[in-house]
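Fold and contact review
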Amino acid sequence: GIARALIRECENFVRDRHKRRAEMVDFSSLNRKEESSCSNSIPQLFLKVWNNNTAAISLYKTMEYREIDPKTLSLSQEEVNIGSAELGELVIFAKDLIAEK
């Protein structure tokens, strides 16, 4: 449906931005380890969703998103919820976006 198509477009946008950024990196100023790290990095897409939105959570899981503990991103739950106009708790989902062939 529409939600799945919108997420796919977001994924394509992130892949495209990552590819463009990689093409713009001047590797001459980097050492081998830094160059390898930059050129081999995998773009990721992060999504936030209300923990009681079971339909969205189910959709994200079918699209191979995984739930992320905010602490792994050095975030508190309060920081995750910043900017939210509603009461409740948001959950973070992430997906590694391997380049499509």
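Look up a bit, the structure's there.
This text gives an overview of the structure that appears in the document. (Residues numbered from 1 in each chain as written. Predicted model: local features only at pLDDT ≥ 70, side-chain atom pairs only at ≥ 80, totals over all residues. Heavy atoms only, no water.)

1. Quick look at unusual backbone geometry
Even without a glycine there, the phi angle at Glu64 is positive, about 70 degrees. Structurally, Glu64 can be placed in the loop between helix 3 (54–62) and strand 2 (66–68). (Helix = DSSP H or I, 4+ residues; strand = E, 2+ residues; numbered from the N terminus.)

2. Considering the pairing of strand 3 (residues 90–96)
With 6 of its 7 residues buried, strand 3 lies for the most part within the structure. Of the pairings in the sheet, the one linking strand 1 (residues 44–50) to strand 3 comprises 7 bridges and is antiparallel in character. When the bridges of strand 3 are listed, Leu45 appears paired with Lys95. In this structure, strand 2 lies alongside strand 3, joined through 3 bridges in antiparallel fashion. Of the residues in strand 3, the one forming a bridge with Ile68 is Ile92. (Buried < 20%, exposed > 50% of the residue type's maximum accessible area, 1.4 Å probe, protein only. Pairing = 2+ DSSP bridges.)

3. A look at the pattern of salt bridges
On inspection of all chains with the given rule, the structure shows 4 salt bridges. Salt-bridge contacts for Arg66 lead to Asp96; the nearest nitrogen and oxygen are separated by 3.7 Å. Of this pair, Arg66 sits in strand 2 while Asp96 sits in strand 3, and the two are 30 residues apart along the sequence. Among the residues examined, Arg66 registers a relative accessible area of 36% and is labelled partly exposed. Asp96 sits in the partly exposed class, given a relative accessible area of 35%. Among the charged side chains, a salt-bridge network with shared partners connects Arg8, Glu11 and Lys95. (Salt bridge = Lys/Arg side-chain N within 4 Å of Asp/Glu carboxyl O.)

4. Quick look at a nonpolar patch on the surface
The grouping of Phe46, Leu73 and Leu75 at the surface amounts to a nonpolar patch, some 220 Å² of accessible area in total. With respect to the secondary-structure elements, Phe46 resides in strand 1. (Patch = residues over 30% accessible without salt bridge, like charges linked within 9 Å, V, L, I, M, F, W, Y side chains within 5 Å. Areas by Shrake-Rupley, 256 points an atom, 1.4 Å probe, with all protein chains shown as cover.)

5. Quick look at helix 3
An α-helical turn contains 3.6 residues, so any two residues separated by three or four positions project in the same direction. Residues of helix 3 that are buried: Ala56, Ile57, Leu59 and Tyr60. Here the buried residues of helix 3 occupy an arc of 160 degrees about the axis, which is enough to place them on one side. Seen from the buried face of helix 3, the exposed residues on the opposite side, beyond 90 degrees, are Thr54, Ala55, Lys61 and Thr62. In the stretch just after helix 3, Glu64 is the one whose phi turns positive, near 70 degrees. (Arc of directions from axis to C-beta.)

6. A short note on the environment of Glu67
Topologically, Glu67 is positioned in strand 2. With relative accessibility at 52%, the residue Glu67 sits in the exposed group. As for Glu67 and Leu47, which are separated by 20 residues in sequence, their C-alpha atoms are 9.4 Å apart.

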